[in-house]
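Descriptive structure summary
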Amino acid sequence: MIFALAGNQNSGKTTLFNQLTGSNQRVGNFPGVTVEQKTGSLTNRSDISIVDLPGIYSLSPYTSEEIVTRDYLLKQKPDGIINIVDATNIERNLYLTLQLIELQIPMVLALNMMDEVQANNGSIDILYMREILGIPIVPITAIKKQGIAELVQSAIDTAQDRRKPERVDFCTGAVHRAIHAVTHLIEDHAARQGIPDRFAASKLVEGDAPILKALRLTENETDMIEHAVKDMEDELESDREAILADMRYQFIEDMCKKCVVKPKESREYRRSVRFDNLLTHKILAIPAFLFIMLAVFWLTFNVIGTPLSRLLESGIAGLSGIVDSALSTYGLNHVVHSLVVDGIFAGVGAVLSFVPIILTLFFFLSLLEDSGYMARVAFMMDKPLRKIGLSGRSFVPMLVGFGCTVPAIMATRTLASERDKKMTIFLTPFMSCSAKIPIYALFTAAFFPRYQALVMISLYVIGIVLGILSSFIMKKTVYKGAPVPFVMEMPNYRLPSLKSVSLLLWDRAKDFVQRVFTIVFLATIVIWFLQSFDMRLNYVGNSADSMLAAIGQAISVIFAPIGFNDWRISTGLITGVMAKESVISTLSVLTGASATELGETLRTFFSPIAAFSFLIFTLLYTPCVAAISTVRRELGSLKGTFFVIVYQTGLAWIVAAAIYQIGRLLGQ
């Protein structure tokens, strides 16, 4: 059997999924954590699958999430639906429930967070609500595993008995007449397409274009539907969508008056209001955000991350020395010896030593996200983002982009309009991903040790500012129009979950180490081979005579105006297209410097201003191959993907060249 897990954003859906399946999916105090469906087997029942669908508020086809969820439910036809509802916000959550009931799929309602309802003197008459809605209802507290066994048993029993919801009619008066007239008109078409007639009728009354297209109605039938809708609108003096929404909310309100004693304001809510008086204050909000981020970078690069990174560097250097001595004693072939020590250990070790810095940074960022603060930042950013043609909802993918561009671009599926989605995809690569952190950390420590945190935050700010300016240009040219309204649930502040933070750090560490021992490892071997042999495959003692030198020298002239025309530097940037971490491993291999020596070695290649222009170019030039392929998939356009690559690389060259040339003139 297959169960679909559906519910609003931030209702505890992914927490319940983890409890049901034993998975460790990321859970956040932030709407939109799940952007694609995930599947897992029910614990101890490999024959039962749970599909975690993206969090949505409605089955209307406005956002990619809603389309994904609706298409799955209509086309895949799961054996049952587990609809999770936040019991502390029951009226808003039940709006989706009423639409799910119309699908006529066996369904169980999971009332989550019942512990909070009871703790704040609230109550829900579950038996009466079950009678009104016509579906099984199980109270649970997912995070504490309360009621999970009862929910599972109820879902299995309902699906095995193929027990469909008993009630689907929530309307009266003019709405009732319109929906029933349309139902009778389309029932044959709906049956042929496998769409429940009541669901199809209510969607047609709303003006749902995909359902209208799927049913393949005749022109006469379409006219009759529009006539029925027009009669309804004239009688109720409102538009079709508002009428359907009012009908559902009126039913929910009447039911809740009979079944629900609303909980009093919780202690968490009152605490959140006090914090928001400061952190979302119209004057203090932005300074507070900048102060918090500066503190995060200072702690990461000056207090915690860098010392741990140096400790790991020493350990890798010590291990490399032991291996070097052992291979020399063994008398291993000098070419293979060079591959192991000068290639693998130098390249992979140089990148691996930055794991503590990355984990420290994401530890602090996950604390901010889990606490609920980042949702406030998205709210605060709505007004400035609107000035460049985006809504605050675009901040969510941008925020994810500071971790990795790939999931950030995937997160644009949460945006309601195609215009907003394309603009956000275009903007997201300007957000500096974690793969660039090793480059920043190495160069700032080598060239700007006293101002390391300040230089780091300036790179992030420059990326954001240039992304905003680029978006402003796009708004005036390619993507004209206004952004859609921004609606986001503001979660209460809460103490970050140790499990959630640990999962994020584990995912980041695992992802980084996997990339180091796959893409970076392979790139290191290729670079070592190219710089160790000439065009006739003769081993060369001097890498300047290698085939890599010949290739690098041919393209190094392009980078001369930026301040670095050495073939080894340009080669490092090229390998960075595969994975940004490869820049460090390539430089380590080509210069023959270990992780502890690389910073000192780079001072012979760069002046401080050239080093900063190199950092700017690294910040802005084309994203990695994985990100490019994701852009291609989400945009669905090769031309658009090519434009992203050319625009980013061209802008990177122009900005880096301007900084270097101006800095050089001022220096003289």
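Residues numbered from 1 in each chain as written. Predicted model: local features only at pLDDT ≥ 70, side-chain atom pairs only at ≥ 80, totals over all residues. Heavy atoms only, no water.

Considering the nonpolar core
Condition: Here, nonpolar core refers to any group of buried Ala, Val, Leu, Ile, Met, Phe, Trp, Tyr and Cys residues whose side-chain atoms link them within 4.5 Å. Relative accessibility under 20% of the residue-type maximum defines a buried residue, over 50% an exposed one, and the middle range a partly exposed one, all with a 1.4 Å probe and only protein chains included. Runs of E in the DSSP output that reach at least two residues are strands. Runs of H or I that reach at least four are helices, and both are numbered from the N terminus. Residues count as neighbours in contact if any of their non-hydrogen atoms are within 4.5 Å of one another.
Membership of the largest hydrophobic core comes to 97 residues, with the highest contact counts inside it found for F297, F443, F606 and F614. For this core, the leading source of residues is helix α28 (residues 608–620), giving 9 residues. Not counting residues within four places of it along the chain, the set of residues in contact with F614 comprises I439, F443, F564, I569, L573, V583 and F606. Core analysis: the second largest hydrophobic core is formed by 64 residues, L59, I90, A201 and A245 among them.

Section: the side chain of T591
On the secondary structure map, T591 appears in helix α26 (residues 582–591). Among residues more than four places away in sequence, those in contact with T591 are L598, T601 and F605.

Thoughts on the domain arrangement of the protein
Where the parts come together, the accessible area they lose is often given as the size of the interface. Here is the rule: Each domain's limits were defined by an automated method or a database of domain assignments.
Here the protein is described as being made up of domain 1 (2–160), domain 2 (173–237) and domain 3 (510–667). Distance from the C-alpha centre of domain 2 to the C-alpha centre of domain 3: 59 Å.

Here we look at the environment of I132
Inspection of the secondary structure assignment puts I132 in helix α5 (residues 126–133). Residue I132 is classed as buried on the basis of its relative accessible area of 13%. Note: C-alpha distance between I132 and R167 (35 residues apart in sequence) is 7.8 Å. Apart from residues lying up to four places away in sequence, I132 is in contact with R167, F251, M255 and C259.

Overview of the sheet that holds strand β1 (residues 2–7)
Condition: Should DSSP find at least two bridges between two strands, the strands are taken to pair. A fitted line through C-alpha atoms serves as each axis, taken over the contacting stretch for helices, and the angle formed by two N-to-C directions is quoted from 0 to 180°.
The strand order across the open sheet built from 6 strands is β2-β3-β1-β4-β5-β7, with neighbouring strands paired in mixed fashion. Each of the sheet's edge strands pairs with one partner strand only, and the pair in question is β2 (38–42) and β7 (137–139). Strand after strand, the sheet turns through a mean of 25 degrees between neighbouring axes, direction not considered. Sheet analysis places β2 next to strand β3 (residues 45–52), joined by 5 bridges and oriented antiparallel. Note on β3: the bridge partner recorded for K38 is D52. Lying on the sheet, helix α3 (residues 90–101) is in contact with β1, β4 (80–86) and β5 (107–112); it crosses β4 at an angle near 165 degrees. Against the sheet, α5 engages β5 and β7, with an angle of about 150 degrees to β7.

With respect to the pairing of β5
Rules: Whether a crossover is right-handed depends on one test, that the path from the first strand over the helix to the second runs clockwise when the strands point away from the viewer.
Among the 6 residues that make up β5, 6 are buried, leaving the element largely enclosed by the rest of the structure. Where β4 lies against β5, 6 bridges are found, and the strand directions are parallel. Across the sheet, residue I81 finds its bridge partner in β5, namely M107. Tracing the backbone out of β4, into α3 and back to the parallel element β5 gives a crossover that is right-handed. Relative to β7, β5 runs parallel, the two being bridged by 3 bridges. Directly across from L111, in β7, lies its bridge partner P139.

Considerations on the packing of aromatic side chains
In plain terms, the rule: Between rings of Phe, Tyr and Trp, where Trp is taken as its six-membered ring, a pair exists when centres lie within 6.5 Å; planes separated by under 30 degrees are stacked, by over 60 edge-to-face, and by other angles tilted. A positively charged side chain is recorded as over a ring if its NZ (Lys) or CZ (Arg) lies within 6 Å of the ring centre. The angle to the ring normal must also be within 35 degrees.
Taken as a whole, this structure holds 26 aromatic pairs when the rule is applied. Taking the centre distance of 5.2 Å and the plane angle of 50 degrees together, the rings of F426 and Y647 count as tilted. Remark: Y647 occurs in helix α30 (residues 638–667) and F426 occurs in helix α20 (residues 418–427); sequence separation between them is 221 residues. Ring geometry for F443 versus F614: centroids 4.7 Å apart, planes at 20 degrees, classification stacked. Within this pair, whereas F443 is found in helix α21 (residues 437–447), its partner F614 is found in helix α28, the two being separated by 171 residues in sequence. Residues F443 and F614 agree in their burial class; the two are buried. Grouping aromatic residues by their ring pairs yields a cluster made of F443, F447, F448, F559, F564, F606, F612, F614, F617 and Y621. Over the face of the ring belonging to Y493 we find R376, whose NZ or CZ atom lies 4.1 Å from the ring centre. Its guanidinium or amino end placed over the ring of Y621, K580 lies 4.5 Å from that ring's centre, counting from NZ or CZ.

Points about the packing of helix α24 (residues 547–559) against helix α25 (residues 567–575)
Here is the rule we go by: If an angle is under 35 degrees, it is roughly parallel; if it is over 145, roughly antiparallel; if it lies from 65 to 115, roughly perpendicular; otherwise it is oblique. Gly falls in the polar group here, along with every residue not listed as nonpolar (Ala, Val, Leu, Ile, Met, Phe, Trp, Tyr, Cys, Pro) or charged (Asp, Glu, Lys, Arg).
Remark: α24 packs on α25, axes separated minimally by 7 Å, with the N-to-C direction vectors making an angle of 90 degrees. When the axis of α24 is compared with that of α25, the two are roughly perpendicular. Contact residues: α24 offers L548, A549, G552, Q553, I555, S556 and F559, while α25 offers W567, S570, T571, L573 and I574. Of the residues that constitute the contact of α24 with α25, the class distribution is 7 nonpolar, 5 polar and no charged.

Considerations on the environment of L103
You can see L103 is positioned in the loop between α3 and β5. What L103 contacts, discounting residues up to four positions off in sequence, is L59, L73, L74, I81, P196 and F199.

A short note on a nonpolar patch on the surface
In plain terms, the rule: Residues with no salt bridge and a relative accessible area higher than 30% make up the patches, which join like charges within 9 Å and nonpolar side chains (Val, Leu, Ile, Met, Phe, Trp, Tyr) within 5 Å. For every accessible area listed, the method is Shrake-Rupley and the probe measures 1.4 Å; residues are considered covered only by the protein chains on display. Take a side-chain nitrogen of Lys or Arg and a carboxyl oxygen of Asp or Glu: if they are within 4 Å of each other, that pair is a salt bridge.
Taken together, the side chains of W298, V303, I304, L308 and L311 present a nonpolar region at the surface, about 460 Å² in accessible area. Among the structural elements, I304 can be located in helix α13 (residues 285–330). Taking relative accessible area as the criterion, I304 reaches 32% and is therefore assigned partly exposed.

Details of unusual backbone geometry
Backbone geometry at N44 places phi at a positive 65 degrees, although glycine is not the residue there. Positionally, N44 belongs in the loop between β2 and β3. By relative accessible area, N44 is classed as exposed at 76%. Despite not being glycine, Q104 shows a phi value in the positive range, around 60 degrees. Of note, Q104 is situated in the loop between α3 and β5.

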